[in-house]
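In case you want the letters, here they are:
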Amino acid sequence: MEFTSLEVWKESRKLTNLVYEKSKNFPKEELFGLTNQIRRCAVSVPSNIAEGCGRRTSNDTIQFLHISRGSLYELETQIYISLDQNYISEIEFNEIANQILICKKLLNGFINYYKNLKNEN
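Before going into details, it helps to say that this report is about the structure given with it. Bear in mind the structure is a predicted one, so any value in this text is a computation, not a measurement. (Residues numbered from 1 in each chain as written. Predicted model: local features only at pLDDT ≥ 70, side-chain atom pairs only at ≥ 80, totals over all residues. Heavy atoms only, no water.)

1. Side note on the pattern of salt bridges
Counted according to the given criterion, the structure contains 5 salt bridges. When the shortest N-O distance is used, the salt bridge between Glu11 and Lys14 registers 3.1 Å. Within this pair, Glu11 and its partner Lys14 are both found in helix α1 (residues 7-23), separated by 3 residues, close to a single helical turn. Residue class for Glu11 comes out buried when judged on its relative accessible area of 10%. The exposure class of Lys14 is partly exposed, given its relative accessible area of 47%. Where Lys22 meets Glu21, a salt bridge forms, and the shortest distance between an N and an O atom there is 3.3 Å. Lys22 sits in the buried class, given a relative accessible area of 13%. (Salt bridge = Lys/Arg side-chain N within 4 Å of Asp/Glu carboxyl O. Helix = DSSP H or I, 4+ residues; strand = E, 2+ residues; numbered from the N terminus. Buried < 20%, exposed > 50% of the residue type's maximum accessible area, 1.4 Å probe, protein only.)

2. Focus on the side chain of Glu30
The residue Glu30 is located in the loop between α1 and α2 (34-53) in this model. Within the structure, the side chain of Glu30 is placed 2.8 Å from the backbone nitrogen of Leu34, a separation counted as a polar contact. Every residue in contact with Glu30, bar those within four places of it in the chain, is listed here: Thr35, Asn36 and Tyr87. (Polar contact = N/O pair within 3.5 Å; in protein donor to acceptor, adjacent residues only side chain to side chain. Contact = heavy atoms within 4.5 Å.)

3. Things to note about the packing of α1 against α2
One can describe the packing of α1 onto α2 by two numbers: an axis separation of 9 Å at closest approach and a directional angle of 170°. By the angle class used here, α1 and α2 are roughly antiparallel. Here Val8, Trp9, Ser12, Arg13, Thr16, Val19, Tyr20 and Ser23 of α1 come into contact with α2, specifically with Thr35, Ile38, Arg39, Ala42, Val43, Val45, Pro46, Ile49 and Ala50. Residues that form the contact of α1 with α2 fall into these classes: 11 nonpolar, 4 polar and 2 charged. (Axes fitted to C-alpha atoms, helices over the stretch in contact; angles between N-to-C directions. Parallel < 35°, antiparallel > 145°, perpendicular 65-115°, else oblique. Nonpolar A, V, L, I, M, F, W, Y, C, P; charged D, E, K, R; others polar.)

Listed below in structure tokens is the structure:
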């Protein structure tokens, strides 16, 4: 299965691009702080999905999907902090949080798919 055709990967790319767009106006002093952290975290989500799809076993794939899911939770915390610091508006927060939720649901479904695949073998 080619990872670029997966809905979960496509939606996580949307999330990453959204985070990049919304973090463009973060204060300059955050360039090597929260801006860098939030962007790296967002990039981690589709990257680990792709890496997981390139692995040989279901166990390896599931491990990378769990890393990707962990990055979603980390990113969610970072957008709360961004909101707390008034780096993003409530509207921007909701937009990103909604995309995170979409990704969480898709990723959980994909993890369950691989777990079921593993149990069938």
